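Residue-level structure breakdown
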Amino acid sequence: MKRYLGCVTLVLTGLLVSESSIAQTYPAKPVRLVVPFPAGGATDILARTIGQKASEKLGQSIVIDNRPGAGGTIGSDHVAKSPPDGYTLLIATGSTHSIGPIINPKIPYNVERDFVPVVYVANTSSVLVVPGTLPVKNLAEFIALAKSKPGQLNFGSSGNGTNSHLSGELFKAQAKVFLTHIPYRGTGLVFNDMMSGQVHMLMDNYVTAQSNIKEGKLRVLGVTSPQRLPFLPDVPTLDEQGLKGFDVSNWFGIYAPRGTPTEIVLKVNAAFNQALQEPDMQKRLATLGATPTGSTPEQMGAMVAADTAKWTKLIRERKLVVD
């Protein structure tokens, strides 16, 4: 028995020494940051922007790996099943880690079991946009148009169970209108159909919509934050326009596979936090309509738990489910 216990002790000691040595030399090669949405969307833009600066702090390249599909599920599941060595990370969103696990009973991963939070990197407010050719000038006119044509107008999203989908459902509930939901593989893919008039509304990050708004191809009717945005001072909030208490934001955070050594998690956390504190990074994110956050792993976990609770209430009230 003593000999057996001694062997167990040696094995455990060996594992601890192995993990410690891996953490000390980390990162010894480029780190892959999986983006579970297509290139050109808000998650991709933020990953590339923040990842470049974080790579300077980490001392190794951070390579972006787009793995879109199923509302962010495919890329997220890939990371969940990757080796927990710190070389495969995920930039997650409320769609993949707050909403998806509630609304989709077939989702292949479990946030608590398969991931460890690393750092909360940014937050963005959404805008409600319509095609520039749609004959409405404000939110009241859009709601009136929708009520006059029940079921004939629709809204696009980055996929079933994503933040843009749930934001649209919340809008429908509060505005008391019936809009048909059309899911896409990413919000960047919605814009062409909006320009042609096939999609009538989208609620998503200003990051992806800003160029089309500036060119007049999309018209912004409101913002989803409780306060007006400094870069859109003339655009009223949805709350101001009668949808009382409407408050939707989009969070972006870094996750690692569960089992990743704590020392590595803390190294990555420090690199991203340092990157977010750089003045040029904060200025760049502001131009994208994003607010840098930064956090400890524990703070990120608490934030995600609170966000999950908020969406759980809406999903249950609306009886939403992804088949």
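Structure's up top.
Residues numbered from 1 in each chain as written. Predicted model: local features only at pLDDT ≥ 70, side-chain atom pairs only at ≥ 80, totals over all residues. Heavy atoms only, no water.

Topic: helix 12 (residues 297-318)
With 22 residues, helix 12 should cover 32 Å at 1.5 Å per step; its first-to-last C-alpha distance of 32 Å lies within 8% of that length. Within the sequence span of helix 12, burial applies to Pro297, Met300, Met303, Val304, Asp307, Trp311, Thr312, Leu314 and Ile315. Directly after helix 12, the chain includes lysine 319, whose backbone phi takes a positive value near 55 degrees. (Helix = DSSP H or I, 4+ residues; strand = E, 2+ residues; numbered from the N terminus. Expected span 1.5 Å × (residues − 1). Buried < 20%, exposed > 50% of the residue type's maximum accessible area, 1.4 Å probe, protein only.)

Details of the nonpolar core
Grouped together as the largest cluster of nonpolar side chains are 36 residues, with contacts concentrated most on Leu33, Ile50, Val121, Ile254, Phe272 and Leu285. When residues of this core are traced back to their parent elements, those giving at least two are strand 1 (31-35), helix 2 (42-58), strand 2 (62-66), strand 3 (88-93), strand 4 (115-131), strand 9 (249-257), helix 10 (262-276) and helix 11 (279-287). The element that contributes the greatest number of residues to this core is helix 10, accounting for seven residues. If near-sequence neighbours (up to four positions away) are discounted, leucine 285 is found in contact with Leu46, Thr49, Ile50, Leu276, Ala290 and Pro292. Counting residues in hydrophobic clusters, the runner-up holds 31 residues, among them Leu128, Ile143, Leu243 and Phe246. (Core = buried A, V, L, I, M, F, W, Y, C linked by side-chain atoms within 4.5 Å. Contact = heavy atoms within 4.5 Å.)

Description of the side chain of threonine 124
Following the sequence through the fold, threonine 124 ends up in strand 4. There is a polar contact of 2.3 Å between the side chain of threonine 124 and the side chain of asparagine 205. Ignoring any residue separated from it by four or fewer positions in sequence, one finds threonine 124 in contact with Leu46, Asn205, Val207, Ser249, Asn250, Phe252, Gly289 and Ala290. (Polar contact = N/O pair within 3.5 Å; in protein donor to acceptor, adjacent residues only side chain to side chain.)

Considering the environment of leucine 232
When you line up the elements, leucine 232 lands in the loop between strand 8 (218-223) and strand 9. Here leucine 232 falls in the buried class, since its relative accessible area comes to 11%. Residues in contact with leucine 232, not counting those within four places in the same chain, are Val127, Tyr206 and Val223.

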